[in-house]
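Structural characterization, general
So the chains spell out like this:
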Amino acid sequence: MNLLPLAERLEKEGVGIMAETIFINMIPADAPEGVLLRNKLRGTDIDYELPGYYRTAFQVIVRATTYTAGEALIQRVFDALAVTESQIGPMYFKFMRPKTKPVVYPLSKGSLLEFSADFAVAFTE
C-alpha cells in the first residue's frame, strides 16, 4: 500500500511536517517526536478475482516525550485518517479506520513514549 498520500494528508491537516515529524516505514532514532506510518511486513494481499480492490491494514506509531502529548498526537492522526468514501491521492477509500485503541510502549533509553495502533482499510486504485 502506498502510504505517501496518507502522510501528505497528515501534513495538510496540520499534524506535522513530512520528513521532520511525519515518516513512512522508518523513524530516525534521534527524532524525539513524530508520526510513523508502516505497512504490514507481508504487504497488501492481491485478490486476482477483484483486480484493483484491496483490503489491508497499516500501523501508526506516534512518538512523544510525554503521555499527554502522545495521546493528543495520536488522536489528531485518528481524526485526520479515519474516513469513509473518500479519495486520497490516487486511492479511493471505502473506509479507513482505527482497528485498535493505542497501545503504549514502555519508556525507551531516551525516555520517549511510543503509541501504536492499527488501521483497517478497504480501497481501490
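Summarised in this report is the structure supplied together with it. (Residues numbered from 1 in each chain as written. Predicted model: local features only at pLDDT ≥ 70, side-chain atom pairs only at ≥ 80, totals over all residues. Heavy atoms only, no water.)

Description of the overall build of the protein chain
The helix and strand tally for the protein chain stands at two helices and seven strands. Its C-alpha atoms give the protein chain a radius of gyration of 15 Å, within 12% of the compact-globule value 14 Å for 125 residues. Counting only C-alpha atoms and orienting by the principal axes, one finds that the protein chain spans roughly 50 × 30 × 25 Å. Counting all 125 residues of the protein chain, 40% fall into the buried class. If you take every contact in the protein chain between residues at least 6 apart in sequence, the share linking residues at least 24 apart comes to 59%. Counting only carbon and sulfur atoms, one obtains 54% of the accessible surface of the protein chain, whose full area is about 7,200 Å². Computing the positive centroid from 13 side-chain charges and the negative centroid from 15, the protein chain places the two 5 Å apart. (Helix = DSSP H or I, 4+ residues; strand = E, 2+ residues; numbered from the N terminus. Rg over C-alpha atoms; globule rule 2.2 N^0.38 Å. Buried < 20%, exposed > 50% of the residue type's maximum accessible area, 1.4 Å probe, protein only. Contact = heavy atoms within 4.5 Å. Areas by Shrake-Rupley, 256 points an atom, 1.4 Å probe, with all protein chains shown as cover. Lys, Arg positive; Asp, Glu negative; His and termini not counted. Charge placed at Lys NZ, Arg CZ, Asp CG, Glu CD.)

Let's talk about the pattern of salt bridges
The full count for this structure, using the stated rule, is three salt bridges. With a closest N to O distance of 2.9 Å, Asp-45 and Arg-42 form a salt bridge. Overall, the relative accessible area of 40% leaves Asp-45 in the partly exposed class. (Salt bridge = Lys/Arg side-chain N within 4 Å of Asp/Glu carboxyl O.)

What to know about the packing of aromatic side chains
This structure, assessed with the given rule, holds five aromatic pairs. Taking 5.3 Å as the distance between ring centres and 55° as the angle between the ring planes, the aromatic pair formed by Tyr-67 and Phe-115 counts as tilted. Here the residue Tyr-67 occupies a position in helix α2 (residues 67-81), and Phe-115 occupies one in strand β7 (residues 113-124), the gap between them amounting to 48 residues. In this structure, Arg-97 packs its charged tip against the face of Phe-95, placed 3.7 Å from the ring centre. (Phe/Tyr/Trp six-rings, centres within 6.5 Å; stacked < 30°, edge-to-face > 60°. Lys NZ or Arg CZ within 6 Å of the ring centre and 35° of its normal.)

A short note on the pairing of strand β4 (residues 83-88)
Within a regular beta strand, the side chains point alternately toward one face of the sheet and then the other, so they alternate between its two faces. Relative to strand β5 (residues 91-98), β4 runs antiparallel, the two sharing five bridges. Bridging from a neighbouring strand, Ile-88 pairs with Met-91 of β5. Taking the residues that link successive antiparallel strands as the turn, the β4-β5 hairpin has two residues, and the phi of Gly-89 there is positive, at about 60°. (Pairing = 2+ DSSP bridges.)

Quick word on the nonpolar core
Leu-6, Leu-37, Phe-58, Phe-93 and Met-96 are the most contacted members of the largest nonpolar core, which has 29 residues in total. At the level of secondary structure, the elements contributing two or more residues to this core comprise α1 (4-12), β2 (34-39), β3 (53-64), α2, β4, β5 and β7. When residues no more than four places from it in sequence are discounted, the contact partners of Phe-58 are Met-1, Leu-3, Leu-6, Leu-37, Arg-38, Asn-39, Leu-81, Met-96, Ala-117, Asp-118, Phe-119 and Val-121. Counting residues in each nonpolar core, the second largest holds five residues, with Phe-23, Ile-27, Ala-31 and Leu-36 among its members. (Core = buried A, V, L, I, M, F, W, Y, C linked by side-chain atoms within 4.5 Å.)

Things to note about the pairing of β5
Sheet topology note: the β5/β7 ladder contains six bridges and is antiparallel. Among the inter-strand pairings, Pro-98 is bridged to a residue of β7, identified as Phe-119.

Section: the side chain of Ser-116
Checked against the element boundaries, Ser-116 lands in strand β7. Polar contacts involving the side chain of Ser-116 include one to the side chain of Gln-59, which spans 2.8 Å. Residues in contact with Ser-116, not counting those within four places in the same chain, are Gln-59, Val-60, Ile-61, Lys-101, Pro-102, Val-103 and Tyr-105. (Polar contact = N/O pair within 3.5 Å; in protein donor to acceptor, adjacent residues only side chain to side chain.)

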